[in-house]
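# Observations on chain architecture
Listed below, chain by chain, are the residues.
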Amino acid sequence: VLPASSKMPHKPPPRRQSINVGRGARKRDEDSGTEVGEGTDEWAQSKATVRPPDQLDLTDAELKEEFTRILTANNPHAPQNIVRYSFKEGTYKLIGFVDQLAVHFSQVGNLIPKDSDEGRRQHYLDELAAVSYQGSQESAKVVTSETEILEEEEPKEAEAGSQTDVPATESPEKMAEEESMTPKQPKERKLTNKFNFSERASQTFNNPLRDRECQMEPPARTNFSATANQWEIYDAYIEELEKQEKTKEKEKTKTPVAKKMGKMAMRKMTSRESQSDDITKVTQAAKIVERMVNQNTYDDVAQDFKYYEDAADEYRDQEGTLLPLWKFQNDKAKRLAVTALCWNPKYNDLFAVGHGSYDFMKQSRGMLLFYSMKNPSFPEYTFSSESGILCLDVHVDHPYLVVVGHYDGNVAIYNLKKPYSQPSFRSSAKSGKHTDPVWQVKWQKDDMDHNLNFFSVSSDGRIVSWTLVKSELVHTDVIKLKVEDSTTEGLEGLQIHTVGCGTAFDFHKEIDYLFLVGTEEGKIYKCSKSYSSQFLSTYDAHSMAVDAVSWNPYHTKVFMSCSSDWTVKIWDHTIKTPMFIYDLNSAVGDVAWAPYSSTVFAAVTTNGKTHVFDLSINKYEAICNQPVVAQKKNKLTHVQFNPIHPIIIVGDDRGHVTCLKLSPNLRKMPKEKKGQEVQKGPAVEIAKLDKLLNLVREVKPKT
């Protein structure tokens, strides 16, 4: 508040304003010619009420009518339908509690305790400000009293004309008397707050209650039961003692340097094991990241696999090409040949590769690898074996079960759900393993007791049915191959039969008991599961060993065979002579029917070429002859068609698997004719192949 002496004039402003107003009214009256007294002013004139034009005319009853209004604490402008996303339930949920607080005025302030140093300092400053304010008020009173005295003396001087001046010494005395007469006002304390009273309130937000629960997976349990006799216990103890003696002998023969190296290796192994425990926690995430990196690395190959079509096929006369896509290889299987290929029946991007050796003078270990087209740089699953793998097959209903045949005559079942390097089930000498290499294995339908069942063929001439009963492999000899007209008489008139060496077999797609067996002698036997003593039919197929036999997936009478005598032959099993013969100028390693057509098949040869035939387009020669391997020394061993995508995989004797895409000419579908729908399905494929076979059947009697 500023002191009154600084702003107060010598004459009081209201009196000066009334004089001015009177003079203005007098002048207006003189100008208008009317005579009005000096006491009248503008406030004496009549005042008219001003009403807005849209005001309602209400009666007394309507004016007296009461309207009740209830004030509530709810905010009328607050929204009532707020929803938020619930991550727990995965849906949007309505929020029941809405904040009703409306803030009209807010000011940030602070409070200081009185007893603190800052509080005492501010209290002292407030007292000083109050004393100065009181002094300014007293000086203002003195000045106002002087001005009032002077104003009263002015009109007296005007009437008398001339009077003596009032001495200046009288005014201070009068001022002192007035001060003594007026009561002293109490000291006013200046408040620091702008308002004498303030009400402060706060409303806290009540957090909704939440229930947190945790559910643990129960530990895995297995029921183990076994019977043991004294001999088995004794044998187990003897084996353990022998192992201990062998390790002691090895330690004795080792030099001190070798012992130190062995200790260091053991330490490294333990450190790796401890690290692996930590790595297993991020295995799934690491696999996803690895696939993403590979997808970026091989993006051009993936684009070709999905979208590329060779436009040059339109200008070729019924010929096609193979486009190389991915190349699968692993350092652990570098010097091992690809001895088996098989696509997974459930996952179309996953396939199994068996590694071994066809050079029987250089037999070593074996490998079972599973590759995915989503990750061509490293296999998804890896299994190693002491003996080389020569064949494998994946179960149709249980795609995680894989049966393999080894060079040492054993068969084994691997379970992909159990990430162990050892097979889940394995044959042994007691359980009737083969004495020669197992060339092919095939899963069959479960038996009457719903036990898993598969067949195997070996060079020892036995075709064995294996059944998984109570976690054990039980074998049954289905048939023993014998070379016809090869019986010789031994001592005491005993007849000795020459054993036929089985190399390949295949089961009929519709007739369960019917199957074909190829031998090293070049013959193909048509056999039945019901007859173990004789063959249903014999075909003089090839002059060298039969490498593969395969039934047509559409036509029930047609099968195909290939051999090291450079030929591929197509047969009707009701006729003992081949319907088609193709000479490929090199030993044929494998053949495979296409899943999309009854007349398309592929063959691979040891000169590194892949041959694709389509009998409906050209029944005399292949419509595609293309080298696949980079080096001429590499030999192709196996080929397989993908069941869904238009690609094939080809394996060679260096352990490499190459994925190739078929050009449009190699997978031609029937053309659409105007006004006719294109017929598709097995019946159309059977009719297409029957048409070709009828042409051959008509020509053969004439020749």
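Residues numbered from 1 in each chain as written. Predicted model: local features only at pLDDT ≥ 70, side-chain atom pairs only at ≥ 80, totals over all residues. Heavy atoms only, no water.

Identification of the protein chain as Dynein axonemal intermediate chain 1 from Phocoena sinus is taken from an unreviewed UniProt entry. What the UniProt record of the protein chain gives under Sequence similarities (unreviewed entry) is the line "Belongs to the dynein intermediate chain family." (UniProt positions renumbered as here; feature names shortened; annotations may be inferred.)

## A few points about the pairing of strand S4 (residues 337–343)
The buried fraction of S4 amounts to seven of the seven residues, a majority that puts the element mostly inside the structure. Two strands pair when backbone bridges link them, and S4 and strand S5 (residues 350–356) are joined in this way by six bridges, in the antiparallel orientation. Bridging from a neighbouring strand, Ala337 pairs with Gly356 of S5. Linking S4 to S5, which pair antiparallel, is a turn of six residues. (Buried < 20%, exposed > 50% of the residue type's maximum accessible area, 1.4 Å probe, protein only. Helix = DSSP H or I, 4+ residues; strand = E, 2+ residues; numbered from the N terminus. Pairing = 2+ DSSP bridges.)

## A closer look at the UniProt feature "repeat: WD" (unreviewed entry) in the protein chain
Residues annotated by UniProt as "repeat: WD" (unreviewed entry) correspond here to residues 539–572. Taken end to end, residues 539–572 is 0% helix and 59% strand, and its two terminal C-alpha atoms sit 11 Å from one another.

## Here's the deal with the packing of aromatic side chains
The tally for this structure, following the rule as stated, stands at 25 aromatic pairs. For the ring pair Phe455 and Phe507, a centre distance of 5.0 Å and an interplane angle of 65° mean the geometry is edge-to-face. Linking Phe455 in strand S13 (residues 453–458) with Phe507 in strand S18 (residues 502–507), this pair joins segments that are 52 residues apart in sequence. The same class applies to Phe455 and to Phe507, which are both buried. Here a set of aromatic residues connected by ring pairs shows up, and it is made of Phe580, Tyr582, Trp593, Phe601 and Phe613. Here the basic side chain of Lys287 rests over the ring of Tyr381, its NZ or CZ set 6.0 Å away from the ring centre. A cation sits over an aromatic face here: Lys417 above Tyr400, 4.1 Å from the ring centre. (Phe/Tyr/Trp six-rings, centres within 6.5 Å; stacked < 30°, edge-to-face > 60°. Lys NZ or Arg CZ within 6 Å of the ring centre and 35° of its normal.)

## Focus on the nonpolar core
By size, the foremost hydrophobic cluster in this structure holds 22 residues, and its most contacted members are Val568, Ile570, Phe580, Val591, Phe601 and Leu615. Counting only elements with at least two residues in this core, the list comes to strand S23 (558–563), strand S24 (567–572), strand S25 (580–583), strand S26 (588–593), strand S27 (600–605) and helix H10 (682–702). The biggest single contributor to this core is H10, with four residues. When neighbours within four sequence positions are excluded, Ile570 is seen to be in contact with Val558, Phe559, Met560, Pro578, Met579, Phe580, Tyr582, Trp593, Phe601 and Leu615. Counting residues in hydrophobic clusters, the runner-up holds 20 residues, among them Val301, Leu369, Tyr371 and Cys659. (Core = buried A, V, L, I, M, F, W, Y, C linked by side-chain atoms within 4.5 Å. Contact = heavy atoms within 4.5 Å.)

## What about the environment of Leu481?
Secondary-structure assignment places Leu481 in the loop between strand S15 (472–480) and strand S16 (488–489). A C-alpha to C-alpha distance of 9.1 Å links Leu481 and Val517, two positions 36 residues apart in sequence.

## Considerations on the pattern of salt bridges
Once their charged atoms are close, side chains differing in charge can pair, the charge on each being opposite to the other. For the coordinates displayed, the defined rule picks out 13 salt bridges. A salt bridge links Asp57 to Arg51; its shortest N-O distance comes to 2.8 Å. For Arg51, a relative accessible area of 53% corresponds to the exposed category. The residue Glu89 makes a salt bridge to Lys93 at a minimum N-O spacing of 3.3 Å. Salt bridges sharing partners connect three or more residues here, namely Lys287, Arg291 and Glu380. (Salt bridge = Lys/Arg side-chain N within 4 Å of Asp/Glu carboxyl O.)

## Details of a negative patch on the surface
The grouping of Glu232, Asp235, Glu239, Glu240, Glu242, Glu245 and Glu249 at the surface amounts to a negative patch. Here Glu249 is to be found in helix H6 (residues 230–253). Residue Glu249 is classed as exposed on the basis of its relative accessible area of 53%. (Patch = residues over 30% accessible without salt bridge, like charges linked within 9 Å, V, L, I, M, F, W, Y side chains within 5 Å. Areas by Shrake-Rupley, 256 points an atom, 1.4 Å probe, with all protein chains shown as cover. Lys, Arg positive; Asp, Glu negative; His and termini not counted. Charge placed at Lys NZ, Arg CZ, Asp CG, Glu CD.)

## Re a nonpolar patch on the surface
A cluster of nonpolar residues, Val83, Tyr85, Phe87, Tyr92 and Leu94, forms a patch on the protein surface that exposes about 640 Å² of accessible area. Among the elements of the structure, strand S1 (83–86) and strand S2 (91–94) are those that each provide at least two residues to the nonpolar patch. Its place among the elements puts Tyr85 in strand S1. Assessed through its relative accessible area of 39%, Tyr85 is described here as partly exposed.

## As for the sheet that holds strand S20 (residues 523–528)
Two orientations exist for strands paired in a sheet by backbone hydrogen bonds: parallel and antiparallel. The sheet built from four strands is open, its strands ordered S18-S19-S20-S21 with antiparallel pairing. Strands at the two margins of the open sheet, each flanked by one partner only, are S18 and strand S21 (537–540). Shown here is a sheet whose adjacent strand axes are inclined to one another by a mean of 20°, direction ignored. Two strands pair when backbone bridges link them, and S18 and strand S19 (residues 514–519) are joined in this way by five bridges, in the antiparallel orientation. From the neighbouring strand, Asp506 faces S19, where its bridge partner is Leu516. (Axes fitted to C-alpha atoms, helices over the stretch in contact; angles between N-to-C directions.)

## Structural notes on the sheet that holds S26
Spatial strand order, S26-S27-S28-S29: four strands in an open sheet with antiparallel pairing. Taken across any chain shown, the strands that pair with only one partner, and hence form the sheet edges, are S26 and strand S29 (624–627). Strand after strand, the sheet turns through a mean of 15° between neighbouring axes, direction not considered.

## A look at the side chain of Ser372
Mapping Ser372 onto the fold places it in strand S6 (residues 366–372). A residue is classified by how much of its surface remains accessible, and Ser372, at 1% relative accessible area, is buried.

## Thoughts on the side chain of Thr605
Assignment of secondary structure puts Thr605 in strand S27. Taking the relative accessible area as the measure of exposure, Thr605 reaches 0% and is therefore buried. The residues touching Thr605, leaving out its near neighbours within four places in the chain, are Leu584, Ser586, Ala587, Val588, Gly589, His611 and Leu636.

## Brief notes about unusual backbone geometry
Here Trp566, not a glycine, exhibits a phi torsion of approximately 75°, which is positive. Look at Trp566 and you get partly exposed, because its relative accessible area is 40%. Unlike most non-glycine residues, Asn585 shows phi in positive territory, near 65°. Along the chain, Asn585 turns up in the loop between S25 and S26.

## Quick notes on the pairing of S15
Here eight bridges tie strand S14 (residues 462–469) to S15, and the two strands are oriented antiparallel to one another. Paired with Arg462 across the two strands is Lys480, which belongs to S15.

## Here we look at the environment of Glu319
With respect to the helices, strands and loops of the structure, Glu319 is situated in the loop between helix H9 (299–307) and strand S3 (322–328). On the basis of relative accessible area, Glu319 is assigned to the partly exposed category, the value being 46%. With 346 residues separating them in the primary sequence, Glu319 and Asn665 have C-alpha atoms 6.2 Å apart. When neighbours within four sequence positions are excluded, Glu319 is seen to be in contact with Asp313, Ile623 and Asn665.

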